[in-house]
Amino acid sequence: MEIRAATVLPARREPIELETGDGLTLVGELALPLDRPPVATLVTLHPLPTHGGFMDSHVYKKAANRLPALADLAVLRFNTRGTSSERGTSEGTFDGGEGERFDVAAALEYAEYHDLPQVWVVGWSFGTELTLKWAHDPLVEGAILLSPPLHRATDHDLDAWARFGRPLVVLVPEFDDYLRPEEARARFARVPQAEVIGVDGAKHLWVGEPYVRIVLNEIVKRVNPAAWPLPTDA
């Protein structure tokens, strides 16, 4: 069976709730391999909720639909404060990336409390800002950034990640609306452990199955290289 955009492979999918340090309940989902423990975990931070970003943003939905079965990964998705999806609405209101520090911390605390292994944070657009600002936690093995705009995250945040020392993989679309590969390489040069990968033909939202496959393959290559490259049939 060819894996297509709408393919949903077998997994254990559990609705979850995250409790933040400032008293909010956030809604989410944890997808796990069906009949074996995960070898690593993706904690995903979604694009800007004021522009349609949420836990079901398509790259993350497809990651949850495929990677537990294809790469033995746990995929944790959730709505940041004030964000709604089919799963429900997280309490609170959008805070421009500041109060969301508690949301990131709650997701990482959930992963730690539930003994989820080898945690990598995957941020997309606004989620990259949250990653760079708030995800330098000892639990985190590394981070993967998709379409970083570097609006809210500043050189100060890049320097903090450089000191943190964990791997940073940065996927930058050739035709991104905010930050393109050449500029990204210059901006991320201050993070010695950052690897910037330009993706030919891609745009900010990674629309199109070929680009989704590139993203998922780059994630798996770092997080569980034994499962790379991903099959195109299941």
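Here goes a summary of the coordinates provided. (Residues numbered from 1 in each chain as written. Predicted model: local features only at pLDDT ≥ 70, side-chain atom pairs only at ≥ 80, totals over all residues. Heavy atoms only, no water.)

What follows deals with the nonpolar core. Counting residues in hydrophobic clusters, the biggest one holds 41 residues, and the most contacted among them are Leu18, Leu30, Leu132, Trp161, Leu168 and Phe188. The element best represented in this core is helix α2 (residues 100-113), accounting for 6 residues. When near neighbours in sequence (up to four residues on either side) are disregarded, Leu18 contacts Leu24, Thr25, Leu26, Phe78, Ala106, Ala107 and Tyr110. In terms of nonpolar packing, the next biggest core, distinct from the first, is built from 33 residues, Ile3, Tyr60, Ala63 and Trp124 among them. (Core = buried A, V, L, I, M, F, W, Y, C linked by side-chain atoms within 4.5 Å. Buried < 20%, exposed > 50% of the residue type's maximum accessible area, 1.4 Å probe, protein only. Helix = DSSP H or I, 4+ residues; strand = E, 2+ residues; numbered from the N terminus. Contact = heavy atoms within 4.5 Å.)

Structurally, the α-helix is built with 3.6 residues per turn, so residues lying three or four positions apart point the same way. Along helix α4 (residues 155-164), the residues that are buried comprise Asp157, Leu158, Ala160, Trp161 and Phe164. Down the axis of α4, the buried set is contained in an arc of 160°. They therefore lie on one face. Along α4, the residues that are exposed and aim more than 90 degrees away from the buried face are His156 and Arg163. The inward-facing, buried residues of α4 contact α3 (126-134), β8 (140-146), β9 (168-173) and α5 (181-188). At the C-terminal side of α4, Gly165 shows a positive phi close to 85°. (Arc of directions from axis to C-beta.)

Attention now goes to the packing of aromatic side chains. Overall, the coordinates contain 3 aromatic pairs when judged by the stated rule. Ring geometry for Phe94 versus Phe126: centroids 5.6 Å apart, planes at 55°, classification tilted. Of this pair, Phe94 sits in the loop between β6 (88-89) and α2 while Phe126 sits in helix α3, and the two are 32 residues apart along the sequence. Given the relative accessible area of 2%, Phe126 is considered buried. (Phe/Tyr/Trp six-rings, centres within 6.5 Å; stacked < 30°, edge-to-face > 60°.)

Moving on: the sheet that holds strand β4 (residues 73-78). Taken together, 8 strands build an open sheet; the order of strands is β1-β2-β4-β3-β7-β8-β9-β10 and the sheet is mixed. Sheet topology places β1 (12-19) and β10 (194-199) at the edges, where each strand pairs with a single neighbour. Averaged over neighbouring strand pairs, the angle between their axes works out to 20° when direction is ignored. Here β8 runs beside β9; their pairing, made up of 4 bridges, is parallel. When the bridges of β9 are listed, Ile144 appears paired with Val169. Its contacts with the sheet put helix α1 (residues 58-71) on β1, β2 (25-32), β3 (40-45), β4, β7 (119-124) and β8, and the angle it makes with β4 is roughly 160°. (Pairing = 2+ DSSP bridges. Axes fitted to C-alpha atoms, helices over the stretch in contact; angles between N-to-C directions.)

Before going further, it helps to spend a moment on the packing of α2 against α3. Where α2 meets α3, the closest approach of the two axes is 10 Å, and the angle between their N-to-C directions is 80°. In terms of axis orientation, α2 runs roughly perpendicular to α3. In this structure, α2 uses Glu100, Arg101 and Val104 to contact α3, whose residues at the interface are Phe126, Leu130 and Trp134. Across the contact of α2 with α3, the residue classes tally to 4 nonpolar, no polar and 2 charged. (Parallel < 35°, antiparallel > 145°, perpendicular 65-115°, else oblique. Nonpolar A, V, L, I, M, F, W, Y, C, P; charged D, E, K, R; others polar.)

Before going further, it helps to examine the layout of surface pockets. Over the atoms, a rolled probe matching the size of one water molecule traces out where space is still vacant. Looking at the largest pocket, its volume works out to about 270 Å³. Class assignment for the residues of the lining of the largest pocket results in 6 nonpolar, 7 polar and 2 charged. (1 Å grid on protein atoms, 1.4 Å probe; cavity = no way out; pocket = protein on both sides within 12 Å on 5 of 7 lines; lining within 4 Å. Points joined across faces, edges and corners; volume = space filled by probe spheres on them.)

Considering the arrangement of structural elements, one finds His204 in the loop between β10 and α6 (209-223). You can call His204 buried: its relative accessible area is 5%.

Before going further, it helps to spend a moment on the side chain of Asp103. Structurally, the position occupied by Asp103 is in helix α2. Looking at Asp103, its side chain comes within polar contact range of the side chain of Arg81, at 2.8 Å. Contacts of Asp103, omitting those with residues within four sequence positions, involve Thr20, Leu26, Phe78, Thr80 and Arg81. (Polar contact = N/O pair within 3.5 Å; in protein donor to acceptor, adjacent residues only side chain to side chain.)

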